[in-house]
Amino acid sequence: MLFRSQQQRRRRQQPASAHSSMPSDSPRGGRHAAKTRRPHEVLRVHAAAMAKALGPMPSMPMRTWQTFDIGDLPMHDAMTTAKDESQREAEALDLQLQMQRETQRAAADEASYEEEVARTFRAQAELDWTAAFERASEAIDPELTPAESADVLRDLIRRNLLQYTDMRDNPTRFFLAHRILSKRLVGGFGIRFTVQFNLFAGSILGLGSDAQLAQLRALQDEATLGCFALTEAGAGVNSGLVVNTTATWDPSSRGFVLHTPNELARKQWISQGLTATQMVVIADLIVKGRSHGPHAFLMPLRDAQGQLTRGVSVGDMGSKTIANDLDNAWISFDSVHIPRACMLDRFATIEGADTYVSRGGETMRLEVIGQRLLTGRMCISQAALVFARTLFGTTRAYSDEKNVWSPTNPDMRLSEVPQLAALYERAEKELTEMEAFVGEIEGRLCACLSASTIPSAELVEAIQCARSEAWAWRQSFASSCSRKSAASPCLAAANLQHSSISKIGRASCRERV
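Calculation notes
Residues numbered from 1 in each chain as written. Predicted model: local features only at pLDDT ≥ 70, side-chain atom pairs only at ≥ 80, totals over all residues. Heavy atoms only, no water. Helix = DSSP H or I, 4+ residues; strand = E, 2+ residues; numbered from the N terminus. Buried < 20%, exposed > 50% of the residue type's maximum accessible area, 1.4 Å probe, protein only. Contact = heavy atoms within 4.5 Å. Disulfide = S-S within 2.5 Å. Core = buried A, V, L, I, M, F, W, Y, C linked by side-chain atoms within 4.5 Å. Pairing = 2+ DSSP bridges. Axes fitted to C-alpha atoms, helices over the stretch in contact; angles between N-to-C directions. Phe/Tyr/Trp six-rings, centres within 6.5 Å; stacked < 30°, edge-to-face > 60°. Lys NZ or Arg CZ within 6 Å of the ring centre and 35° of its normal. Parallel < 35°, antiparallel > 145°, perpendicular 65-115°, else oblique. Left-handed = near helix turned anticlockwise from the far one by under 90°. Salt bridge = Lys/Arg side-chain N within 4 Å of Asp/Glu carboxyl O.

A. Seen up close, the overall build of the protein chain. Tallying secondary structure elements over the protein chain gives 17 helices and eleven strands in all. Here the protein chain holds 513 residues, and the buried ones make up 39% of them.

Spelled out as structure tokens, the structure:
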């Protein structure tokens, strides 16, 4: 009651204009009408009154929103679409790169697989070839006559197991063939074989022109035997450095005249000289009275009926202490005319009437003319080590089975004797080291043969060092580890102490190479 009376008192104190200014929506009007108005209506009335009191509001520019259509899409839709499209393109690119990587990985795996398969096939092919070559070498017998031994070589040539061009195209197989023969201790046949494939055919391969190289195929198909006529009676240990046999250019016949001026100029110890029908002869080339040094000539030694070329004389060097299955001959020339085409002219030729010309990037010198001497020395090195390894194995096997008396061990073997065991251990170590050294030199020589390049002076020295030391090993074993002296392995082991010529020299060669 008190609260209501206070409200009534305040209403009476308000001015009349406050009540009269409020519009009335009811017929009754006045303050009675205000009581019946709803809240939202009261607010509307107050807003109208305020607007009237403030007056009109200043006008404001209307802000308009404009959309730009891309196709049928508004801008915000286009932006969303572009973003999605970019994301899809990135995802597609990632997928493409992933597929590319997978394709490359698959290609690499396939290439690796194919390489592995090819390597396996090559390895198997080499094993098959080795087995075939070993079977073919079973016909070799040191007790054969020179003529019979020559027939064995002809049969081996016809089998085409080793090509004349393998020295260039597959030098590893070329050296492997020599090692296989060395294992059989084939006596003179090993020399006959390397004369045919290395000195004779190899000289044509290394010194001949393209037209002359084409003759190698026919020479192999016909199993033509050849020899290499270099060593002269007056040369002594300087074989190749002293050549007195002459090849004088004859402009009138456009050929050469081979001549042996004296007995010291006669070729001697020419392996396969009594059975060969072709020959590579080394002679001092003379053009217009000037000597141009040793050059190589390919010429017939005999015809198909075995008759010697006119002006050529051949004789037997006689019986030897070993290797009598190999024939050795002396050869001399009495003004023998040969055509210009006989000159192996890869590095030098005769142009015009009488002009000597060097070509092929090399001048004729001992390192060029004697390329096959280097490969021959490499063959000797490998053969000597194979021989030494074989006899070392034989000696070791014997001492492993030989019982010796011991006060503490009734089952003691000879190879267990401390002194002999120490010598065996040392020999094994040094022989393995020597094999590794010779193998390294062979690999470098193979690279030169494949590229048809002349070995460096350092490689030449290393080859000579390898040959000397390998031969020393062979001689040491041969003198005390032969079949007849197998019962004295102590002597064999003792000789191992003196088998190396110069370990320091070998190390020096290895450093320079």
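Here the narrative resumes, following the displayed structure.
B. Seen up close, the side chain of Ser 209. Mapped onto the elements, Ser 209 comes out in the loop between α9 (188–207) and α10 (210–213). The buried category is assigned to Ser 209, whose relative accessible area is 18%. Once residues lying within four places of it in the same chain are set aside, the contact partners of Ser 209 are Asp 345 and Arg 346.

C. Fine view of the state of the cysteines. For the structure shown, the criterion picks out zero disulfides. Distance from the sulfur of Cys 448, which forms no disulfide, to the nearest cysteine sulfur (Cys 446) is 9.4 Å. Judged by its relative accessible area of 14%, Cys 448 falls in the buried class.

D. Region of interest: the nonpolar core. Counting residues in each nonpolar core, the largest one holds 100 residues, and the members touching the most others are Phe 193 and Met 299. Residue contributions to this core peak at twelve residues, all from helix α14 (residues 418–451). In this structure, Met 299 is in contact with Leu 258, Gln 278, Met 279, Val 281, Thr 309, Val 312, Phe 333, Val 336, Ile 338 and Cys 342, ignoring residues within four places of it in sequence.

E. Molecular detail of the sheet that holds strand β4 (residues 267–271). With antiparallel pairing, three strands are arranged side by side in an open sheet as β4-β8-β7. On the outer flanks of this sheet lie β4 and β7 (312–316), each paired with one strand and no other. Sheet twist, expressed as the mean angle between neighbouring strand axes with direction ignored, is 35°. By the bridge criterion, five bridges tie β7 to strand β8 (residues 328–333) in an arrangement that is antiparallel. Paired with Val 314 across the two strands is Ile 331, which belongs to β8.

F. The arrangement of the packing of aromatic side chains in detail. Here the structure, examined in full by the defined rule, presents eight aromatic pairs. Ring plane angle 20° and centroid distance 5.1 Å describe the contact between Trp 129 and Phe 133, whose orientation is recorded as stacked. One end of the pair, Trp 129, and the other, Phe 133, are both in helix α5 (residues 75–136), four residues apart, so they sit about a helical turn from each other. Considered together, Trp 129 and Phe 133 belong to a single accessibility category, that of buried residues. Considering the side-chain rings of Phe 256 and Phe 297, the 5.1 Å spacing of their centres and the 65° angle between planes classify their relative orientation as edge-to-face. You can see Phe 256 sitting in strand β3 (residues 255–259) and its partner Phe 297 sitting in strand β6 (residues 290–300), a full 41 residues away along the chain. Counting every residue linked through ring pairs, the aromatic cluster contains Trp 129, Phe 133, Tyr 164, Phe 193 and Phe 197. Sitting over the ring of Trp 330, Arg 266 keeps its end group 4.3 Å from the ring centre.

G. Up close: the packing of helix α6 (residues 146–158) against α9. In the contact formed by α6 and α9, the axes pass within 11 Å of each other and the chain directions differ by 50°. Taken together, the axes of α6 and α9 are oblique relative to one another. The two elements α6 and α9 meet at a crossing, and its hand is right-handed. Contact residues: α6 offers Pro 146, Ser 149, Ala 150, Val 152, Leu 153, Leu 156 and Ile 157, while α9 offers Phe 189, Arg 192, Phe 193, Gln 196 and Phe 197.

H. The pattern of salt bridges, seen in detail. Tallied over the entire structure, the rule returns 17 salt bridges. Salt-bridge contacts for Arg 159 lead to Asp 155; the nearest nitrogen and oxygen are separated by 3.0 Å. Judged by its relative accessible area of 47%, Arg 159 falls in the partly exposed class. Asp 155 sits in the partly exposed class, given a relative accessible area of 35%. Across the pair Glu 440 and Arg 444 runs a salt bridge, and its minimum N-O distance is 3.2 Å.

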